[in-house]
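# Architecture at a glance
Here are the chains, one letter per residue:
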Amino acid sequence: MRIQDLVVEGDSSLLINCISRKFKCPWRLLQIIHDIKKIACSFQGICFQHILREANFAANALAIVGHQLLSSPYWEVGFPSVVSSVVNFDFFGAGCFRGFSL
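Figured I'd write up the structure that's included with this text. Quick caveat: nothing in here was measured; it's all calculated off a predicted structure. (Residues numbered from 1 in each chain as written. Predicted model: local features only at pLDDT ≥ 70, side-chain atom pairs only at ≥ 80, totals over all residues. Heavy atoms only, no water.)

### A look at the overall build of the protein
The number of helices and strands found in the protein is four helices and two strands. When the helices and strands of the protein are read in sequence order from the N terminus, they spell out β-α-α-β-α-α. Counting over 102 residues, the protein shows a buried share of 23%. Partitioning the contacts of the protein with sequence separation of at least 6, the portion at a separation of at least 24 is 55%. Summed over all atoms, the accessible surface of the protein reaches about 8100 Å², with 59% contributed by carbon and sulfur. (Helix = DSSP H or I, 4+ residues; strand = E, 2+ residues; numbered from the N terminus. Buried < 20%, exposed > 50% of the residue type's maximum accessible area, 1.4 Å probe, protein only. Contact = heavy atoms within 4.5 Å. Areas by Shrake-Rupley, 256 points an atom, 1.4 Å probe, with all protein chains shown as cover.)

### Quick word on the side chain of Asn 17
By the element assignment, Asn 17 lies in helix α1 (residues 13-19). Residue classification places Asn 17 among the buried residues on the basis of a relative accessible area of 16%. Residue contacts for Asn 17: discarding those within four places in its chain leaves Lys 22 and Phe 23.

### Looking at the nonpolar core
Within the largest apolar cluster, eight residues are counted, these being Ile 16, Cys 18, Ile 19, Cys 25, Leu 29, Ile 33, Ala 40 and Phe 48. Those elements that provide at least two residues to this core are α1 and α2 (30-40). If one sorts the elements of this core by residue count, α1 sits on top with three residues. Excluding residues within four positions of it along the chain, Leu 29 makes contact with Leu 14 and Leu 15. (Core = buried A, V, L, I, M, F, W, Y, C linked by side-chain atoms within 4.5 Å.)

### Re the state of the cysteines
One covalent bond between the sulfur atoms of two cysteine residues makes up a disulfide. What the rule picks out here adds up to zero disulfides. In this structure Cys 18 is not part of a disulfide, and its nearest cysteine sulfur, from Cys 25, lies 4.2 Å away. (Disulfide = S-S within 2.5 Å.)

And the structure:
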């Protein structure tokens, strides 16, 4: 089974607006935008939407952990313990407010 339609949510309004061609892309993002558009062509339908960081807190927590690692590991089963509470919190539909942290 292959994913044909995809909704991509991101908390960077600059990036989402550049992908949607609402803003002129800064030179430092040109390669990233090019890569995103190249990957986007492999889907029948794709939509990019901006969401607040508080709504994207599980992905944000994973990104923070990833930036702190010295190597490039991947997880086949489960998440690092530092992130599992955030993922569970998000999975059960709990909200996250500005300034809130787990």
